[in-house]
There are 2 protein chains.
Amino acid sequence: MTKADVASTKDPVYREAVIDLLGALAYGELVAFERLASDAALAPTLPDKSALSAMATAEYRHFLALRDRLVEMGVDSYLAMEPFREPLDEFHSKTKPNDWLEGLVKAYVGDGIGIDFYREIAAYVDPSTRALVTSVCDDMGQSDFIVDRVRAAIDEDPRVAGRLALWGRRLVGEAVSQAQRVAAERDALSALLVGGVGRPSADLAEIGRMFGRLTENHTRRMAELGLAA
Amino acid sequence: MTKADVASTKDPVYREAVIDLLGALAYGELVAFERLASDAALAPTLPDKSALSAMATAEYRHFLALRDRLVEMGVDSYLAMEPFREPLDEFHSKTKPNDWLEGLVKAYVGDGIGIDFYREIAAYVDPSTRALVTSVCDDMGQSDFIVDRVRAAIDEDPRVAGRLALWGRRLVGEAVSQAQRVAAERDALSALLVGGVGRPSADLAEIGRMFGRLTENHTRRMAELGLAA
């Protein structure tokens, strides 16, 4: 972290917002690691198990990087994660895959929205945080194998597509509902995105456009899997 | 892999034995990853969850190194793992921890016996395989935090020690029983250790001493945890 960044994170409201952001992302990665590793147990073959496990270990690397950044900021990293345990745990407990294919779709959709969201927020944070967020992004996207697996399953039994499309909608619905809860409870974090903390931030129209982009990319990814969004 | 190693692995019986060895270790690491990641869900705190997850991701790294070595040898790596799925899966299904402390003891005992076993077999393999086995060893041993956790739990409730000591004995018993099964079914692998494949190998007395050392180290590790072996 450079001295300039220390200065920028001295603004207490901004600092609080960044701590929230990193805490939310860190816990999100830790629990994603745990869920993906657990879903890997559903894999029908060893190569599949290995591929989903690889995604899980990538999440753990991101968790470490985010946690270390919090420590570098002089923060109790685990305390920073606490406010996000309940919403993220609830998201995962409500979206526990019933089988391997649901696990794959969840991994693919989650990985994709994750990358998109990291890239969007990179615009609103200080250079050090941005560098971290960007390096996490670069380490994501190990989910290409999922496209083949889901498409092959649909080829074999086209009825699978309807069920998985519904599943994809449920994933997004639960994610949005938990995100709204976080936004309502964490003022500084919301202010970072919608402005009001005395630094470049998004106005409401830009927030609207951001959600538009996230939705559009999600729709594209579902189509890649052969699914209606 | 150097040319000399390729030559040494041209001996078909030795080659078969090394493939078995790497296949067994690789599947062992993959399933250890999965089990440790799953046991991390039992963690009472986030730092604990993170520490056990770190051990899990190390196992996955070892899995990758072993798998890549099989591929380098021109082997279908996943096929090489197949014969060891049943015994290793059975070991884990019979030793599913009932709580966080049992998970910790299993991780500590497993990590320790793993390192010991890797070091012992390093003596009987060609230089490339030895280098791989040694590098895996060097990446192990991230289990020091477990000593504190188990000792603290015993301080708080001394009755825990008896239960966990029994648990440790059960782990070893199940491991020995699956190892015997593998030894009975995989001739080349057994021959690698007890000799008969025309290269330096251990005689039965040395095998006896090896098990003596493994048992001694296990007893020492249980004592470190405050447990009778």
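Residues numbered from 1 in each chain as written. Chains lettered and ligands numbered in written order. Predicted model: local features only at pLDDT ≥ 70, side-chain atom pairs only at ≥ 80, totals over all residues. Heavy atoms only, no water.

> Could you clarify how one ought to interpret the overall build of chain A in this entry?
Broken down by element type, chain A carries 11 helices and 0 strands. For chain A, the C-alpha radius of gyration of 18 Å lies close to 17 Å, the compact-globule estimate for 229 residues. When its C-alpha atoms are laid out on the principal axes, chain A stretches across 55 × 35 × 30 Å. Every one of the 229 residues in chain A was classed for burial, and the buried ones make up 54%. (Helix = DSSP H or I, 4+ residues; strand = E, 2+ residues; numbered from the N terminus. Rg over C-alpha atoms; globule rule 2.2 N^0.38 Å. Buried < 20%, exposed > 50% of the residue type's maximum accessible area, 1.4 Å probe, protein only.)

> What is the right way to read the packing of aromatic side chains from this model?
Where two aromatic rings form a pair, the distance of their centres and the angle of their planes describe that pair. All names here are of chain B. All told, the structure shown has 5 aromatic pairs over all chains when counted by the stated rule. Ring plane angle 55° and centroid distance 5.4 Å describe the contact between F33 and Y60, whose orientation is recorded as tilted. Of this pair, F33 sits in helix α2 (residues 12-39) while Y60 sits in helix α3 (residues 46-72); the two residues are 27 residues apart in sequence, bridging distant segments of the chain. Y60 gets classed as buried once you look at its relative accessible area, which sits at 3%. On the numbers, 5.4 Å between centres and 40° between planes, the contact of Y60 with F63 is tilted. Here Y60 and its partner F63 are both found in helix α3, 3 residues apart, which amounts to about one turn of the helix. Each of the two residues, Y60 as well as F63, counts as buried. (Phe/Tyr/Trp six-rings, centres within 6.5 Å; stacked < 30°, edge-to-face > 60°.)

> Would you explain the relation of the copies chain B and chain A in this entry?
The relation between the two copies of this chain is a rotation about an axis and a shift parallel to it. Aligned on chain A, chain B shows an RMSD of 0.0 Å; the corresponding rotation is 180° and the shift along the axis is 0.0 Å. Such a combination of turn and shift is consistent with a two-fold rotation axis. When the interface residues of chain B are mapped onto chain A, 100% of them again fall at the interface, so both copies present the same face. (Least-squares fit on C-alpha atoms with pLDDT ≥ 70 in both. Contact = heavy atoms within 4.5 Å.)

> Please explain the interface of chain B and chain A as it appears in this structure.
Size of an interface, as often reported, equals the accessible area lost when the parts are brought together. Counting residues at the interface gives 22 residues for chain B and 22 residues for chain A. Summing the contributions of chain B and of chain A, the shared interface buries around 1,900 Å²; its carbon and sulfur component is 69%. Sorting the residues of chain B by area buried against chain A places E34, L46 and Y60 of chain B first, and these three jointly supply 31% of that buried surface. There are 2 salt bridges connecting chain B and chain A. There are 10 residue pairs in polar contact (both at pLDDT 80 or more) connecting chain B and chain A. Elements that contribute at least two residues to the side of chain B that touches chain A include exactly α2, α3 and α4 (77-81) of chain B. With 11 residues, the top contributor of residues to the side of chain B that touches chain A is α3 of chain B. Among the residues making up the side of chain B that touches chain A, the classes are represented as 14 nonpolar, 3 polar and 5 charged. (Buried area = accessible area lost by both parts, 1.4 Å probe. Salt bridge = Lys/Arg side-chain N within 4 Å of Asp/Glu carboxyl O. Polar contact = N/O pair within 3.5 Å; in protein donor to acceptor, adjacent residues only side chain to side chain. Nonpolar A, V, L, I, M, F, W, Y, C, P; charged D, E, K, R; others polar.)

> Is there a simple way to think about the side chain of D20 of chain B in this case?
The topology assignment puts D20 of chain B in helix α2. Excluding residues that lie within four positions of it along the chain, D20 of chain B makes contacts with F84, R186 and L189 of chain B.

> Got a minute to help me understand empty space enclosed by the protein in this structure?
Empty pockets left among the atoms are what a rolling probe the size of a water molecule brings to light. Under the criterion given, the structure shown has 2 cavities of 30 Å³ or more. The calculated volume of the largest cavity comes to roughly 40 Å³. The element contributing the most residues to the lining of the largest cavity is helix α3 (residues 46-72) of chain A, with 4 residues. Of the residues contributing to the lining of the largest cavity, the split by class is 3 nonpolar, 3 polar and 3 charged. Within this model, the second largest cavity holds a volume of roughly 30 Å³. With 4 residues, the single largest contributor to the lining of the second largest cavity is α3 of chain B. The class makeup of the residues in the lining of the second largest cavity is 3 nonpolar, 3 polar and 2 charged. (1 Å grid on protein atoms, 1.4 Å probe; cavity = no way out; pocket = protein on both sides within 12 Å on 5 of 7 lines; lining within 4 Å. Points joined across faces, edges and corners; volume = space filled by probe spheres on them.)

> Can you walk me through the pattern of salt bridges in this structure?
Where charged atoms from two side chains of opposite charge approach closely, those side chains can pair. What the rule picks out here adds up to 38 salt bridges over all chains. The salt bridge involving R85 of chain A is made with E82 of chain A; its shortest N-O contact spans 3.1 Å.

> Just to check I follow, could you spell out the confidence of the model for chain A for this structure?
As a general rule, the predicted coordinates of low-pLDDT regions are not to be interpreted in detail. The share of residues in chain A with pLDDT of 70 or more is 92%, and the mean pLDDT across the chain is 88. Both scores are available for the predicted complex, with the pTM at 0.87 and the ipTM at 0.84. (pLDDT = per-residue confidence, 0-100.)

> Just checking my understanding: could you explain the environment of S190 of chain B for this structure?
All names here are of chain B. Along the polypeptide, S190 turns up in helix α10 (residues 187-194). For S190, a relative accessible area of 21% translates into the label partly exposed. Considering only alpha carbons, one finds S190 and A17, 173 residues apart in sequence, at a separation of 7.9 Å. Side-chain polar atoms of S190 contact the backbone oxygen of R186, separated by 3.0 Å.

> How do you make sense of helix α5 (residues 85-94) of chain B when you look at a structure like this?
Side chains that are three or four residues apart share a direction in an α-helix, a result of its 3.6 residues per turn. Residues and elements named next belong to chain B. Among all positions of α5, only P87, F91 and H92 are buried. Down the axis of α5, the smallest arc covering the buried residues is 130°, so these residues share one side. More than 90 degrees from the buried face of α5, the exposed residues found are E86 and S93. Considering only its buried residues, α5 is in contact with α2, α6 (100-122) and α9 (159-185). (Arc of directions from axis to C-beta.)

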